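In case you want the letters, here they are:
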Amino acid sequence: MKALDRKVLRDLRLLWSQAITIALVVASGIGGFLATLSAVDSLAIARDAFYASGHFADVFASVKRAPDAMGERLREIPGVLDVQTTVESFARVTVPGSVDPVMGNLIGLDRHRAQRLNQVLLRSGQWPAPASGAGGELQVLASESFAQAHKLRPGATVSALVNGKRRTLRITGTALSPEYIFGGMMGVPDLRAYGVFWLDKDELAAAADMAGAFNKAAVKLAPGASERAVEDAVTRTLAKLGGAPAHGRAEQMSHAMLDNEIKEQHVMGTVLPAIFLAVAGFLLHVVTARLVATQREQVAALKALGYRNRTIALHYLKLVAPMVAGGYVLGVALGDWLGAGLTGLYAEFFHFPAFEHRISPSLALIGLAIVSATAVLGTLTAIAATVRLSPAEAMRPPAPGHYRRALLERVPRLKLAPALRMILRNIERRPLRAALTTGGIAAAVAIVIMGYFFRDAIEAIVDNQFNLAMRGDIIVWTINPVDPGASRELARLPGVLQVEPGRRVAVRITHGAVSENILIDGSPPAPLLQRVIDVDQHLALAGTAGLLITDRLADKLHVRPGEEVTIEVREGKREVRQVTVAGTVRNMMGLFGYIRRDALNLLLGEGDVASFFSLRVAPGMLPATLRATQDLPNVAGAFSKATMLRNMQEVTARNILVMSTILTAFAVVIAVGVVYNNARIALAERTWELASLRVLGFTRAEVSMLLLGELALGIAVALPLGMFLGWALTHGVVEAIKNDQMLFPVTIQPRTYAWAAIAVVAAGVGSALVVRRRIDRLDMVAALKTRE
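All of these numbers come straight from a predicted model, not from anything done at the bench.

Description of the overall build of the protein chain
From N to C terminus, the protein chain includes 22 helices and 24 strands. Once the C-alpha set of the protein chain is aligned to its principal axes, its extents read approximately 100 × 60 × 50 Å. Expressed as a percentage of the 788 residues in the protein chain, the buried residues total 54%. Split by element, the accessible area of the protein chain, about 34,700 Å² in all, is 60% carbon and sulfur. Of the side chains in the protein chain, 84 bear a positive and 66 a negative charge, and the two mean positions are spaced by 10 Å.

Section: the packing of aromatic side chains
Per the stated rule, a full pass over the model turns up 11 aromatic pairs. Seen from their ring centres, Tyr-452 and Trp-755 are 6.2 Å apart, and the 70° between their planes marks the pair as edge-to-face. In this pair, Tyr-452 is assigned in helix H13 (residues 431-469) and Trp-755 in helix H21 (residues 750-776), connecting sequence segments 303 residues apart. Both rings, one in Phe-724 and one in Trp-727, keep their centres 6.0 Å apart while their planes meet at 25°; by these two values the pair is stacked.

Overview of the nonpolar core
In terms of nonpolar packing, the biggest core is built from 103 residues, with Met-450, Phe-453, Phe-744 and Val-771 touching the most fellow members. Sort the elements by how many residues they give to this core and H13 lands first, with 17 residues. Contacts of Met-450, omitting those with residues within four sequence positions, involve Met-268, Leu-272, Leu-663, Leu-729, Thr-730 and Val-733.

Thoughts on helix H2 (residues 16-53)
Since the α-helix advances by 3.6 residues per turn, residues separated by three or four positions end up pointing in the same direction. With 38 residues, H2 ought to run about 56 Å at 1.5 Å a step, and its terminal C-alpha atoms sit 53 Å apart, in line with that. Residue His-55 follows H2 closely and has a positive phi angle near 50°.

Topic: the sheet that holds strand E2 (residues 80-86)
Read across the open sheet, the four strands follow the order E2-E12-E1-E13; overall the sheet is antiparallel. The sheet terminates laterally at E2 and strand E13 (247-248), the two strands that pair on one side only. One ladder, built from two bridges, connects strand E1 (residues 59-67) with E13; its direction is antiparallel. If you follow Val-59 over to E13, its bridge partner there is Gly-248. Relative to E1, helix H6 (residues 227-239) is tilted by about 10°, and along the sheet it contacts E1, E2, strand E12 (213-221) and E13.

Regarding the pattern of salt bridges
One pass over the structure, following the stated rule, counts 22 salt bridges. Where Arg-47 meets Asp-48, a salt bridge forms, and the shortest distance between an N and an O atom there is 3.1 Å. By relative accessible area, which is 13% here, Arg-47 ends up buried. Arg-751 serves as the salt-bridge partner of Glu-459, at 2.5 Å between the closest nitrogen and oxygen. Linking Glu-459 in helix H13 with Arg-751 in helix H21, this pair joins segments that are 292 residues apart in sequence. Here Glu-459 falls in the partly exposed class, since its relative accessible area comes to 38%. Residue classification places Arg-751 among the partly exposed residues on the basis of a relative accessible area of 39%. Each of the salt bridges in this network shares a partner with another, and the network as a whole consists of Glu-72, Arg-75, Asp-82 and Arg-116.

Some thoughts on the environment of Ser-145
Along the polypeptide, Ser-145 turns up in helix H4 (residues 144-150). For the pair Ser-145 and Ala-175, spaced 30 residues apart in sequence, the C-alpha to C-alpha distance is 9.0 Å. Leaving out residues up to four positions away in the same chain, Ser-145 has contacts with Leu-191 and His-351.

A word on the environment of Leu-602
Turning to its location among the elements, Leu-602 is positioned in helix H16 (residues 597-603). As for Leu-602 and Thr-544, which are separated by 58 residues in sequence, their C-alpha atoms are 9.9 Å apart.

Remarks on a nonpolar patch on the surface
A contiguous nonpolar surface patch, about 380 Å² in accessible area, is contributed by Trp-16, Ile-20, Leu-24 and Leu-330. With three residues, the single largest contributor to the nonpolar patch is H2. Here Leu-330 lies in helix H9 (residues 309-349).

Regarding unusual backbone geometry
With a phi close to 50°, His-55 is a non-glycine residue in the positive phi region. Looking at where His-55 falls in the secondary structure, it is placed in the loop between H2 and E1. Phi at His-558 is positive, roughly 55°, even though this residue is not glycine.

Thresholds, definitions, all that
Residues numbered from 1 in each chain as written. Predicted model: local features only at pLDDT ≥ 70, side-chain atom pairs only at ≥ 80, totals over all residues. Heavy atoms only, no water. Helix = DSSP H or I, 4+ residues; strand = E, 2+ residues; numbered from the N terminus. Buried < 20%, exposed > 50% of the residue type's maximum accessible area, 1.4 Å probe, protein only. Areas by Shrake-Rupley, 256 points an atom, 1.4 Å probe, with all protein chains shown as cover. Lys, Arg positive; Asp, Glu negative; His and termini not counted. Charge placed at Lys NZ, Arg CZ, Asp CG, Glu CD. Phe/Tyr/Trp six-rings, centres within 6.5 Å; stacked < 30°, edge-to-face > 60°. Core = buried A, V, L, I, M, F, W, Y, C linked by side-chain atoms within 4.5 Å. Contact = heavy atoms within 4.5 Å. Expected span 1.5 Å × (residues − 1). Pairing = 2+ DSSP bridges. Axes fitted to C-alpha atoms, helices over the stretch in contact; angles between N-to-C directions. Salt bridge = Lys/Arg side-chain N within 4 Å of Asp/Glu carboxyl O. Patch = residues over 30% accessible without salt bridge, like charges linked within 9 Å, V, L, I, M, F, W, Y side chains within 5 Å.

Written out as structure tokens, the structure reads:
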């Protein structure tokens with residue numbers, strides 16, 4: 001073994017505790033990087049594989065009723081490779097033993113032709129067979145997520161209100177489809193309240209009065225075809241038959257939710273690990289710089305003996321390599337474990353035939369390259385000045401520090417204790433190190449805030465949407481618009497205290513060359529049960545003179561208040577109207593437009609009609625009211641606020657707790673790494689000074705205060721700075737992950753700031769106590785044997 005290699009081993013034994021903390025910081029950064037991005041890669045791989053094997057369509061179209069022969073006309077459109085038509089029908093489903101409202105999407109399977117697009121994959125049981133007679137049981141496949149949520153197995157039955165008639169659905173098996181990977185409605189994960197059921201197409205067509213016709217079409221594009229051109233052609237072809245505008249995958253709910261999740265996690269997997277690795281680079285820099293400073297004479301001797309600068313630099317890189325390599329190996333193991341856990345959480349929302357976590361070799365190599373670059377940069381910047389010295393210059397001890405009155409000492413009539421003056425002067429002597437130390441601790445505070453922010457944001461969303469905006473208990477929507485006089489019938493249901501009618505219509509809104517498919521809500525002049533509340537919890541009232549739209553929709557359309565937009569109604573007579581944008585509202589959920597209900601009906605050329613009703617129900621009467629709505633004619637479905645909130649919180653509460661705990665643990669690692677390493681470095685640099693003070697009569701506590709007081713001051717400054725950084729980091733992440741479905745409000749509760757401060761202070765105190773023990777065991781005789 002070479003002499004320099006033996007020196008590396010001796011130095012590592014001397015620095016073992018600091019090496020461990022540095023390795024842990026590196027492991028946190030690499031672990032977070034690999035866990036997040038490997039889980040996202042696994043999600044994308046599973047998605048792409050399922051899309052390919054299931055022949056997921058590229059364009060989707062719905063129509064009120066089109067003859068089967070129209071499918072051939074769609075195939076003749078230039079750019080179309082294949083078309084598959086079917087019948088779909090929404091139905092209210094009742095699960096035995098539950099009064100919770102459930103919406104079922106019934107989809108027809110053509111037993112005469114093989115599935116070519118959006119293929120259904122049988123997961124358990126058997127394929128449904130045709131019913132024995134009219135009005136009998138309908139055999140169905142249930143979506144796997146819905147069946148698991150309700151513990152339904154092959155042979156179980158549920159009932160559904162299909163086209164106004166109560167039918168029994170016999171579940172013969174469970175299935176998956178690339179069209180319904182995400183389980184939920186309106187972008188909200190709710191596996192219990194939404195189920196997909198596949199059954200014989202002819203039976204569904206007969207039950208829904210759609211014999212010889214279809215109402216859904218899936219289109220596969222030919223290679224190189226223009227998606228927009230095919231969408232427009234399909235829309236024109238189906239327009240006269242009541243067809244809604246065709247859309248691509250971007251507006252298909254399941255695909256949109258998948259894409260949004262991948263985008264969000266790419267942001268999280270980039271921002272947070274970057275902070276950890278920056279801190280790791282700083283720690284490597286200060287530790288190596290301190291070691292080189294104490295070994296100036298050894299470096300000079302090596303240079304005098306003929307060792308080149310490159311060899312000496314390589315020697316110190318070898319010293320850092322085990323710390324970084326150990327951290328990398330630990331980080332890979334940590335990333336694999338956390339990534340598998342994150343993949344398991346994804347599996348609750350997104351259902352695939354095969355969904356396994358794996359870290360791709362390329363991702364592992366990217367992580368190795370990043371951490372290696374961090375180590376090399378942190379080390380070389382620390383040793384550059386020393387190795388460039390000539391041997392004679394390096395033999396001399398460094399010049400004594402230049403101390404002067406601190407800034408606070410220059411304040412008139414401000415008297416500072418001697419210990420505080422010494423602390424302030426030492427900080428001003430090394431301002432860069434003090435700033436980096438404070439920055440590292442502040443980063444730990446910011447990461448804790450980032451972890452707990454999502455809990456605060458979900459609580460704000462729940463309060464905004466479920467308490468302030470949605471003040472009713474049940475929303476009932478109809479198959480077709482009805483006279484608002486239906487409110488009187490609903491008011492007679494058991495437990496109903498108040499009914500408020502509303503109108504919701506699907507439209508394509510256009511400004512210039514930009515179009516979006518949105519919903520427009522028509523509300524009463526002074527809504528009480530269904531209101532529009534912005535992110536600042538202010539009530540926004542829709543008017544009659546124009547359309548109030550969400551700010552994200554205005555940004556996408558590049559439209560400002562006072563300008564006109566074109567709306568093309570996607571139902572009824574398919575009217576096209578010009579509307580002025582009256583204003584914008586910063587809403588949390590989706591892309592919406594708002595206007596008074598009477599103004600909306602007038603705009604559409606309709607009478608006084610409503611399409612949904614908000615119901616306020618007496619306490620304890622919710623189950624009875626829901627049961628009473630199940631057999632109402634012309635009612636498409638009912639939505640229970642309490643049920644949806646409960647189902648959502650069951651999933652989100654645990655996931656947020658897991659994420660917050662992991663980020664807090666990572667932040668504690670950063671705080672310990674920064675505080676402990678700086679305390680050890682300060683102790684090594686000031687050993688002679690502290691020993692001299694002990695000889696002069698200073699107590700252990702007074703000596704410790706000089707060293708640890710500097711760190712305490714750094715933590716005190718880092719706390720407010722870290723809180724600001726956490727606020728800024730949260731704003732940046734929210735802006736990067738915002739999407740059409742949801743906008744997270746930047747709401748950080750005081751308890752989150754308090755918990756971040758407690759976690760980081762506790763980590764700092766723990767590190768300080770370890771260093772305090774070393775101060776108490778200081779060998780004064782050995783420390784004073786230092787060459788002046």
